[in-house]
Amino acid sequence: MYQYVHGGDIYSDPSLNKNKDLLDYSANINPLGIPVGVRHALKDAVAGCVNYPDPFCRELRDRLSRCFSLPAEMVYCGNGAADVLFRIITALKPKRTLVLAPTFADYEKAALAAGSKMDYFTLKEDNEFAVTPEILKSITKRTELVVLCNPNNPTGKLMNKELLLKVLRHCEELHIPLLVDECFMDFVQDQDNYTLIDQLAGHPGLIILKAFTKIFAIPGVRLGFCLTSDTVMMDKLYACGQDWNVSVLAQAAGVAALDEKDFLVETRELIAIEKAYLITQLRLIGLKVFESAANYILIKTLHNYPWPQKLKRHHIMIRDCSNYRGLSPGYYRIAVKTRRDNRKLVKIMKELVKHDFFNYIN
C-alpha cells in the first residue's frame, strides 16, 4: 500500500482532523497565516472559477519577472513546487540523479518515476549535516542531474554560496543540469548571500525551484514555480502535463502575495526570534538541537523517547524523520510558530519529561 511520507497529515487520524486545539508542528508553514491581501484575492477570484484558468499564468509570470528582474520567459508556474519538480525531472529524463541524504523525499520519488537511478551524497551529523566540498567528487560523468535543497530539508542547513558556485561550474563542465530547491529561502534573513537567482541569466543549466506554499501559508491552494534561462526546458515543462495546472484561485493568490513586502519582513523577524527561543528551550529539555537557517528545527532525542506519540495525546504533531534517507529513529523536525504556540509546546514537553522521567532517560 502506498505510504505518505510528508508532514501535515491531519486527515488520517479522526481525533486530529478539525480539532480546534491541534498544533501542527509537522508542516513548515508560516505561523502568521495567510496575508489579508491574499485572503481577499482568493475570495474575489471565486467568481472567475466559471472560466478555465490562464494556461500560461501570464499575469502571475509577469509579476514574478518584475519581482526577480528576469524575463517572463524564464518563469514557469505549477500546482505547487512538487508539481513543477516532477515536470522538470520528467522533461530531463536523467539516467542517474545525485541528491543529498537526508533531504526532501520527492526528489528521489520524481527521479525514480522518470526511470532514473539514484546516487547520494550523505551528510554527516558530526559535521552538523553541512554539505562539504567532497560533493564535487560525487558529481561524475555518469551523473545526469544534481538536485540540491538550500536551505536543506529537514536539516535547515544553508550551503555556502562559494561552494554552490563551484558545484554549478563543475556541473557545467560536465554538461549536467543543476536543480536548486530554494523553497525555504524566503525565511532566510540574508538570502542574497545564498541564493543563486543572480546566476540564472548566464547559466542555462541552472534551474531554481520556488514556492508560495510555505511563506504565504497556502499549502491548500498549491502554487509553486521555477526559474531558468533554458528556453528549450521551458517548452518541455508545458508539454509534460496538462495545461490547466494552476487554478484561477492560485493565480490570484500569487499575484496578491507579491504585494506583501511588509509581511515578508515581519515573518523573517518573527522566525528569527522564535527559532532562537525554541532552540534554547529544547536544549534545556535535553535534546540535541541542530542550528537552522529555515523555519524549522531538526532535533535528536538522546534517549529512546517516543516524542510523536507522546505529543499526539496532547493534540500536537511533530515530524518523525526516521524515514528520511540517512537518518534513523530518534530524529524529529519541529516547525517554528508563534510565541504562544511555542510556549505551549515547550510546557507540554517539559511536563512529559517530568512525569515520565524514568522512561525518558532510558
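Residues numbered from 1 in each chain as written. Predicted model: local features only at pLDDT ≥ 70, side-chain atom pairs only at ≥ 80, totals over all residues. Heavy atoms only, no water.

Enquirer: Even after reading the chapter, I still don't get the overall build of the protein chain, so can you show me in this structure?
Expert: A tally of regular secondary structure across the protein chain gives 12 helices and 13 strands. A globule of 362 residues ought to have a C-alpha radius of gyration of about 21 Å, and the protein chain, at 20 Å, matches this closely. C-alpha extents for the protein chain along the principal axes are approximately 60 × 55 × 40 Å. Within the protein chain, buried positions represent 53% of all 362 residues. Taking as baseline every contact in the protein chain between residues at least 6 positions apart, the subset at least 24 positions apart corresponds to 73%. Total accessible area computed for the protein chain in this model is approximately 16,800 Å², and 53% of it derives from carbon and sulfur atoms. With 46 positive and 41 negative side-chain charges, the protein chain shows a separation of 5 Å between the mean positions of the two kinds. (Helix = DSSP H or I, 4+ residues; strand = E, 2+ residues; numbered from the N terminus. Rg over C-alpha atoms; globule rule 2.2 N^0.38 Å. Buried < 20%, exposed > 50% of the residue type's maximum accessible area, 1.4 Å probe, protein only. Contact = heavy atoms within 4.5 Å. Areas by Shrake-Rupley, 256 points an atom, 1.4 Å probe, with all protein chains shown as cover. Lys, Arg positive; Asp, Glu negative; His and termini not counted. Charge placed at Lys NZ, Arg CZ, Asp CG, Glu CD.)

Enquirer: Looking at this structure, I do not really get empty space enclosed by the protein. What am I missing?
Expert: Empty space left among the atoms is revealed by rolling a probe the size of a water molecule over them. In the structure shown here, the tally under the stated rule is 1 cavity of 30 Å³ or more. Of the pockets and cavities examined, the largest cavity occupies roughly 40 Å³. Looking at the largest cavity, the residues that line it are Leu100, Phe129, Ala130, Val131, Cys149, Asn152, Lys157, Leu158 and Met159. A breakdown of the residues in the lining of the largest cavity according to their chemical character gives 7 nonpolar, 1 polar and 1 charged. (1 Å grid on protein atoms, 1.4 Å probe; cavity = no way out; pocket = protein on both sides within 12 Å on 5 of 7 lines; lining within 4 Å. Points joined across faces, edges and corners; volume = space filled by probe spheres on them. Nonpolar A, V, L, I, M, F, W, Y, C, P; charged D, E, K, R; others polar.)

Enquirer: What's the story with the pattern of salt bridges in this structure? I'm lost.
Expert: Two side chains with opposite charge may pair up if their charged atoms get near one another. Inspection of every chain in the model, using the stated rule, returns 16 salt bridges. The residue Glu125 makes a salt bridge to Lys288 at a minimum N-O spacing of 2.8 Å. One end of the pair, Glu125, is in the loop between strand S4 (117–122) and helix H5 (135–138); the other, Lys288, is in strand S9 (residues 287–289), with 163 residues separating them in the sequence. A residue is classified by how much of its surface remains accessible, and Glu125, at 19% relative accessible area, is buried. Take Lys288: its relative accessible area is 30%, and that puts it in the partly exposed class. Residues joined by salt bridges that share partners form a network here, namely Glu125, Lys288 and Lys300. (Salt bridge = Lys/Arg side-chain N within 4 Å of Asp/Glu carboxyl O.)

Enquirer: Can you help me understand helix H7 (residues 231–239) in this one?
Expert: Given 3.6 residues per helical turn, the α-helix brings residues three or four places apart onto the same face. Taken together, the buried positions of H7 are Met233, Met234 and Leu237. Seen along its axis, H7 keeps its buried residues to an arc of 105°; they face one direction. Set apart from the buried face of H7 by more than 90 degrees, the exposed residues are Thr231, Val232, Asp235 and Ala239. Close packing links the buried residues of H7 with strand S2 (75–78), helix H3 (81–92), strand S7 (206–211) and strand S8 (224–227). Measuring from the side-chain oxygen of the N-cap residue of H7 to the backbone nitrogen of Val232 gives 3.1 Å; that N-cap residue is Asp230. (Arc of directions from axis to C-beta. Polar contact = N/O pair within 3.5 Å; in protein donor to acceptor, adjacent residues only side chain to side chain.)

Enquirer: Mind showing me how you'd approach helix H8 (residues 248–257) here?
Expert: With 8 of 10 residues buried, H8 lies mostly within the body of the structure. Burial in H8 covers these residues: Val248, Ala250, Gln251, Ala253, Gly254, Val255, Ala256 and Ala257. Residues of H8 that are buried sit in contact with helix H1 (36–45) and helix H2 (58–68).

Enquirer: Before we go on, may I ask you to explain the side chain of Thr267 in this structure?
Expert: Structurally, Thr267 is set in helix H9 (residues 261–284). Ignoring anything within four residues of it in the chain, the contact list for Thr267 reads Asn30, Leu32, Phe187 and Ile215.

Enquirer: Any chance you could explain the side chain of Asp24 here in plain terms?
Expert: Tracing the backbone through its elements, the reader meets Asp24 in strand S1 (residues 23–24). Of the polar contacts made by the side chain of Asp24, one reaches the side chain of Ser26; its length is 2.5 Å. Once you skip the residues sitting within four places of it in the chain, Asp24 turns out to touch Gly8, Ile10, Met317 and Lys337.

Enquirer: What's the story with the layout of surface pockets in this structure? I'm lost.
Expert: Considered as a void within the structure, the largest pocket measures approximately 1,100 Å³ in volume. Secondary structure elements with two or more residues in the lining of the largest pocket: S1, H3 and helix H4 (105–113). Of all the elements, H4 adds the most residues to the lining of the largest pocket, at 3 residues. A per-class count over the lining of the largest pocket returns 21 nonpolar, 10 polar and 10 charged. Looking at the second largest pocket, its volume works out to about 540 Å³. Of all the secondary-structure elements, those providing two or more residues to the lining of the second largest pocket are helix H10 (307–312), strand S11 (316–317) and strand S12 (319–320). Top contributing element to the lining of the second largest pocket by residue count: H10, with 3 residues.

Enquirer: Can you help me understand the packing of aromatic side chains in this one?
Expert: Two measures describe an aromatic ring pair: the distance that separates the ring centres and the angle between the ring planes. Here the structure, examined in full by the defined rule, presents 13 aromatic pairs. Considering the side-chain rings of Phe184 and Tyr296, the 4.9 Å spacing of their centres and the 80° angle between planes classify their relative orientation as edge-to-face. Of the two residues, Phe184 is situated in the loop between strand S6 (178–181) and S7 and Tyr296 in strand S10 (residues 296–301); the sequence distance between them amounts to 112 residues. The same class applies to Phe184 and to Tyr296, which are both buried. One aromatic cluster is present, formed by Phe68, Phe212, Phe216, Phe225 and Phe263 through successive ring pairs. (Phe/Tyr/Trp six-rings, centres within 6.5 Å; stacked < 30°, edge-to-face > 60°.)

Enquirer: Where do I start with unusual backbone geometry in this structure?
Expert: Leave glycine aside and you will find that most residues have negative phi; peptide bonds, for their part, are mostly trans. Along the chain, Asn150 connects to Pro151 via a cis peptide bond; the corresponding omega equals -5°. Within the secondary structure layout, Pro151 lies in the loop between strand S5 (145–149) and helix H6 (161–173). Residue Pro154 is reached from Asn153 by a cis peptide bond, and omega for that bond is 25°. Secondary-structure assignment places Pro154 in the loop between S5 and H6. The residue Ala217 is not glycine, and still its phi comes out positive at about 55°.

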